[in-house]
Every structure is written in C-alpha cells, then in structure tokens.
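Given next are the chains, with one letter for each unit.
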Amino acid sequence: MKNFVVKTIANAGALAVAVWLLDKITLTGDSTGKKIGTLLLVALIFGLVNFLVKPVVKLLSLPLLILTLGLFTLIVNALMLLLTSWLADKLDLSFHVDGFWTAVLGGLIISIVSWALNVVLPDGD
C-alpha cells in the first residue's frame, strides 16, 4: 500500500511539473486545495491508465518499438496522457491536454520527473 501511495505522489508531482512547464496542459481550480485534490485524482487516473492500458498498447505496438529502438514509447506515453485527459474530462476534473505534440512533450517531462521522484522517494518494499 505504501508503494502505491509513493507512486501516486510521484505521478502527481510529475503532472504538476508538466502543468507548470507547458501552457497547453491546464489545471484549473478555485483554490490551491482544489487544484491539489484534482491533481491527486488525475494522478490516480494516470496510474490506472498506465497499469491497465499501457501494457496492452505496448504489446500491440511491439514491432514499432523494436523498429524505432524504443522511441515509439514517447508516442505511447503521449497517448496515455491524452487518454488520461479525456477520462478527466468525462469525470468533470479540470485537467486538459491540448494537442498531440503537447502530450508528447508532457509525456517526456512526466517520465523524467516521475523517474527522478521514484529514485528520491522511499520504496515500500
């Protein structure tokens, strides 16, 4: 359980950095508390999308992953971020990613920041 909480906090931090750096990834809210709550909910959705959908997409795109020496992973990450944005919209959460190329750059930022935070934060093993 501790590992799940740590990974969710890392995802929320990575999403916050992407929102801060990119103008076309938006998170709106009345107060800071509401924004933090929305960010945590979006991090949960992002974690579920990465846990449930991403392995299937990676398996189906395995030839492209091999052909591009793994660079197609950037596209897969962008698609997962766009799916998260779509699900957040359906759940009336104020998180939106505007466009595919913004999602590619956002996915790259989220991957790097999430990796760094998972190195720094304690592991629940």
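Note that the coordinates shown come from a computational prediction; the quantities given were computed from them, not determined experimentally.

Caption draft 1: Geometry of unusual backbone geometry. Non-glycine residue L69 carries a positive phi angle of around 55°. If you trace the backbone, L69 turns up in the loop between α4 (62–67) and α5 (72–90). Despite not being glycine, D92 has its phi angle at roughly 60°, a positive value. Tracing the chain through its elements places D92 in the loop between α5 and β2 (95–97).

Caption draft 2: Region of the structure containing the side chain of S61. As for its position among the elements, S61 is in the loop between α3 (54–60) and α4. What S61 contacts, discounting residues up to four positions off in sequence, is F72 and V76.

Caption draft 3: Quick look at helix α2 (residues 32–52). For α2, which comprises 21 residues, the first-to-last C-alpha distance of 30 Å matches the rise-based estimate of 30 Å (1.5 Å per residue) to within 8%. Of the residues making up α2, those classed as buried are T38, L39, V42, A43, I45, F46 and V49. Tucked into the core, α2 has its buried residues touching α1 (2–21), β1 (25–27), α3, α5, β2 and α6 (100–120).

Caption draft 4: Summary view of the environment of A18. Mapped onto the elements, A18 comes out in helix α1. The exposure class of A18 is buried, given its relative accessible area of 1%. With 66 residues separating them along the chain, A18 and T84 place their C-alpha atoms 14 Å apart. For A18, the contacting residues outside a window of four places in its chain are I25, G106, I109 and I110.

Caption draft 5: Geometry of the environment of K24. Within the secondary structure, K24 is located in the loop between α1 and β1. Along the sequence, K24 and L71 sit 47 residues apart, while their C-alpha atoms lie 23 Å from each other. Residue contacts for K24: discarding those within four places in its chain leaves H96, V97, D98 and T102.

Caption draft 6: Fine view of a nonpolar patch on the surface. A contiguous nonpolar patch, built from F4, V5, I9, L41 and L44 and spanning about 430 Å² of accessible area, is present on the exposed surface. At 3 residues, the largest contribution of residues to the nonpolar patch is made by α1. Looking at where L44 falls in the secondary structure, it is placed in helix α2.

Caption draft 7: Seen up close, the nonpolar core. L15, I25, V42, L81, F95, V97 and I110 are the most contacted members of the largest nonpolar core, which has 29 residues in total. Elements represented by at least two residues in this core include exactly α1, β1, α2, α5, β2 and α6. Not counting residues up to four positions away in its chain, the partners in contact with V97 are K24, I25, L81, L82, S85, T102 and A103.

Caption draft 8: Fine view of α5. If you check α5, its first and last C-alpha atoms are 27 Å apart, about what 19 residues at 1.5 Å a residue would give, namely 27 Å. Within α5, the full set of buried residues consists of F72, V76, N77, A78, M80, L81, T84, S85 and A88. Positive phi appears at D92, one or two residues downstream of α5, with a value of about 60°.

Caption draft 9: Broad picture of the packing of aromatic side chains. With the rule as written, the count across this model stands at 1 aromatic pair. Relative to W101, the ring of F100 has its centre 5.1 Å away and its plane inclined at 75°; by these criteria the two rings are edge-to-face.

The rules we used
Residues numbered from 1 in each chain as written. Predicted model: local features only at pLDDT ≥ 70, side-chain atom pairs only at ≥ 80, totals over all residues. Heavy atoms only, no water. Helix = DSSP H or I, 4+ residues; strand = E, 2+ residues; numbered from the N terminus. Contact = heavy atoms within 4.5 Å. Expected span 1.5 Å × (residues − 1). Buried < 20%, exposed > 50% of the residue type's maximum accessible area, 1.4 Å probe, protein only. Patch = residues over 30% accessible without salt bridge, like charges linked within 9 Å, V, L, I, M, F, W, Y side chains within 5 Å. Areas by Shrake-Rupley, 256 points an atom, 1.4 Å probe, with all protein chains shown as cover. Salt bridge = Lys/Arg side-chain N within 4 Å of Asp/Glu carboxyl O. Core = buried A, V, L, I, M, F, W, Y, C linked by side-chain atoms within 4.5 Å. Phe/Tyr/Trp six-rings, centres within 6.5 Å; stacked < 30°, edge-to-face > 60°.

No statement about biological role is implied by the geometric values presented.
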